[in-house]
Amino acid sequence: MSNPIENLNKTFDSRVRLGIMSTLMVNDEISFNDLKQLINVTDGNLASHIKSLEENGYIKVNKGFSGRKTNTTYTVTKVGEKAFQQHLAALEKMIKGIK
Amino acid sequence: MSTAFIYFVFQSIFMDIQHEPLQELKHIKNMMERSSRFISLSGLSGISAGICALVGAWFANEVIERSGGPSGDGRIYKRDYSIDTLQEFMGSKLFNIAIITLIGALFFAFLFTYLRSKKNNVAIWGTTSRRLLTAVAIPMIAGGIYLLREIQVGDYGLIAPGCLIFYGLALVNGSKYTLDEVRYLGYGQIILGIINCWMIGYGVYFWATGFGLLHIIYGILMWYKYERATSEKRTTISA
């Protein structure tokens, strides 16, 4: 029997990254400030986690303007969606395994 | 100090159990809900709005009783108050009572939800509340215009059922962006409104039941389900 932990995605080890992905799965797009407020982390911390998700190709960064201020929003990519769903399935499998 | 401390405790607990799948799924669910729904809506808001509605309905009933009571024919209002135009209706006693009730209900509803969002450390004005407001506003504004037109043509008997139906639709529509239970409050209002369509003249009783009783029952249930639990959890954590 294969170890279900192997199916867990290492990228989602961090609660911040897991939080970003969960949020993006149910919202078409979300801004940096909304994410910061939801996850309750510092700018720098959030930015570094976003960067790693972006490097993995899981999220897409859209830079825009609202008035004069920059308004950066994020959307989940197809790859990211798939990776997240696999991670969810692995978690569910683990729970069933325990029971 | 206490909220920051509790948050710190939570954070450290969560950070330690990286691969506790149940905790992780809970975290995912929580993030999904917090990011897509406005969950600070307080049960106390429902209770206070309901009480305002009951007080308003009592005053309205006094006015109606003094003018001879409900006759089963909605058009009696027109004769008794000699309302012929929209402007005159706007100035009529019943309309004033309705407006004061609405302002009072909105004020208290906002107040308790504001307090709860403060307690939960969530901004009251954000993406989720904006979405909720838009979803609620569309049926309300459309319904409001329709009802004003109904007043203009003198169909006073259908105003109370109309208010209930459109308000119910607004709640059902908005429930996607807040506590899911709001949907059932909406269904209740719609059903009352529809029944009222065939019991014209008794609008004030339906108003009292829909805007008063249903709100109070809903508010108590929601408070019991969500807020009482969290206030207990908080005390056990800090103890």
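What counts, and where the lines are drawn
Residues numbered from 1 in each chain as written. Chains lettered and ligands numbered in written order. Predicted model: local features only at pLDDT ≥ 70, side-chain atom pairs only at ≥ 80, totals over all residues. Helix = DSSP H or I, 4+ residues; strand = E, 2+ residues; numbered from the N terminus. Buried ≥ 20, exposed ≤ 12 C-beta atoms within 10 Å, placed from the backbone. Contact = placed C-beta atoms within 7 Å. Axes fitted to C-alpha atoms, helices over the stretch in contact; angles between N-to-C directions. Parallel < 35°, antiparallel > 145°, perpendicular 65-115°, else oblique. Left-handed = near helix turned anticlockwise from the far one by under 90°. Nonpolar A, V, L, I, M, F, W, Y, C, P; charged D, E, K, R; others polar. Expected span 1.5 Å × (residues − 1). pLDDT = per-residue confidence, 0-100.

Caption draft 1: Region of the structure containing the overall build of chain B. Each helix and strand counted, chain B has 10 helices and 0 strands in total. Secondary structure elements of chain B occur, N-terminal to C-terminal, as α-α-α-α-α-α-α-α-α-α. Counting only residues that meet the buried cut, chain B has 38% of its 239 residues in that class. Contacts in chain B between residues far apart in sequence, at least 24 positions, make up 76% of those at least 6 positions apart.

Caption draft 2: Representation of the environment of Thr-127 of chain B in the model. By the secondary structure assignment, Thr-127 of chain B is in helix H7 (residues 127-153). For the pair formed by Thr-127 of chain B and Ser-35 of chain B, sequence separation is 92 residues and the distance between their alpha carbons is 8.3 Å.

Caption draft 3: Quick peek at the packing of H7 of chain B against helix H8 (residues 159-174) of chain B. Residues and elements named next belong to chain B. Contact geometry of H7 with H8 gives a least axis separation of 8 Å together with a crossing angle of 165°. In terms of axis orientation, H7 runs roughly antiparallel to H8. Taken as a pair, H7 and H8 cross one another with a handedness that is right-handed. Contacts between H7 and H8 involve Leu-132, Ala-135, Val-136, Ile-138, Pro-139, Met-140, Gly-143, Tyr-146, Leu-147, Glu-150 and Ile-151 from the first element and Ile-159, Gly-162, Cys-163, Phe-166, Leu-169, Ala-170, Asn-173 and Gly-174 from the second. Looking at the contact of H7 with H8, its residues break down into 14 nonpolar, 4 polar and 1 charged.

Caption draft 4: Main features of the environment of Trp-58 of chain B. Residue placement: Trp-58 of chain B occurs in helix H3 (residues 43-66). Assessed through the 13 C-beta atoms surrounding it within 10 Å, Trp-58 of chain B is described here as partly exposed.

Caption draft 5: Representation of H8 of chain B within the structure. Relative to the 22 Å expected for 16 residues at 1.5 Å per residue, H8 of chain B spans 22 Å between its end C-alpha atoms, a close match to the ideal helical length. Within H8 of chain B, 16 of the 16 residues are buried, which leaves the element mostly enclosed by the surrounding structure.

Caption draft 6: Just the confidence of the model for chain B, in detail. All names here are of chain B. Taken over all residues, the pLDDT of chain B has a mean of 82, while the share at 70 or more is 77%. Ranking the helices and strands of chain B by mean pLDDT puts helix H9 (residues 182-197) first, with 96, and helix H4 (residues 76-81) last, with 48. A low-confidence stretch, residues 12-18 stays under pLDDT 50, and its non-local contacts, those more than four residues away or across chains, total 6 contacts. Long-range and interchain partners of residues 71-76, a stretch whose pLDDT sits below 50, account for 12 contacts in this model, where long-range means more than four residues apart. Across the interfaces of the predicted complex, the ipTM metric reaches 0.84, alongside a pTM of 0.75.

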